Structure formats: C-alpha cells, structure tokens
Amino acid sequence: MKKITRAEMRLRTVNSVLGSLRIEKLQPSPTVVAGMKSCVLGEDTPQHLLQETIKRHAQISRR
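Residues numbered from 1 in each chain as written. Predicted model: local features only at pLDDT ≥ 70, side-chain atom pairs only at ≥ 80, totals over all residues. Heavy atoms only, no water.

A closer look at the nonpolar core
Note the following rule: For our purposes a nonpolar core is just a set of buried Ala, Val, Leu, Ile, Met, Phe, Trp, Tyr and Cys residues, chained together by side-chain atoms within 4.5 Å. Partly exposed residues are those whose accessible area sits between 20% and 50% of the maximum for their type, while under 20% is buried and over 50% is exposed, using a 1.4 Å probe and protein chains only. Every helix listed is a DSSP run of H or I at least four residues long, and every strand listed is a run of E at least two residues long, numbered separately from the N terminus. Contact criterion: two residues are considered in contact whenever any of their non-hydrogen atoms come within 4.5 Å of each other.
Ranked by size, the top nonpolar core spans seven residues in total: V14, L18, V32, M36, C39, V40 and L49. Those elements giving two or more residues to this core turn out to be α1 (6-23) and α2 (30-40). Element by element, the count of residues in this core is highest for α2, at four residues. Each residue touching V40, except ones within four places of it in the same chain, is listed here: A7, R10, L11 and V14.

Section: the packing of α1 against α2
Selection criterion: In this analysis, axes come from line fits to C-alpha atoms, helices being fitted only over the stretch in contact, and the angle between any two N-to-C directions falls in the range 0 to 180 degrees. Convention used here: angles under 35 degrees read as roughly parallel, angles over 145 as roughly antiparallel, angles from 65 to 115 as roughly perpendicular, and any remaining angle as oblique. Throughout this entry, Asp, Glu, Lys and Arg are counted as charged residues, while Ala, Val, Leu, Ile, Met, Phe, Trp, Tyr, Cys and Pro are counted as nonpolar. The remaining residues, Gly among them, count as polar.
Relative orientation of the contacting elements α1 and α2 amounts to 160°, with a least axis distance of 8 Å. Comparing the axis directions of α1 and α2 gives the class roughly antiparallel. Contacts between α1 and α2 pair A7, R10, L11, V14, V17 and L18 from the former with M36, C39 and V40 from the latter. Looking at the contact of α1 with α2 residue by residue, the class counts come to eight nonpolar, no polar and one charged.

What is shown is where atoms sit, not what they do.
Here it is as structure tokens:
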C-alpha cells in the first residue's frame, strides 16, 4: 500500500473543498484560491487562511 504524503493529503482536502463549493454553485474568490494553493504547497496553514478570510469579510459591530 502506498503511503499518502502530507502534500497529497492537503491537495485532496483543497480539492474536496472546491468540489463542495461547485456542488453548491458557489465560486471562491481569487484570494481564497491563492491561499488554498499556498496551503497545498505548505507555505501557509489552513488556520491562518481562515483567520485572514474572516478578517477580510466579517464585520465587527462596535456599539
């Protein structure tokens, strides 16, 4: 049995996410796609990508 490398596992995860988005007829932004590619290459972490996405899109309500 062939061992699955971490890079292959990251690639499968990203492909799964993109496939789920296509099923829902959604399109990720180019920034998210670039972030996912950097995760696959091991240059970034999914946690950091999530934090950056939330920071960019979530509005903080200050009262």
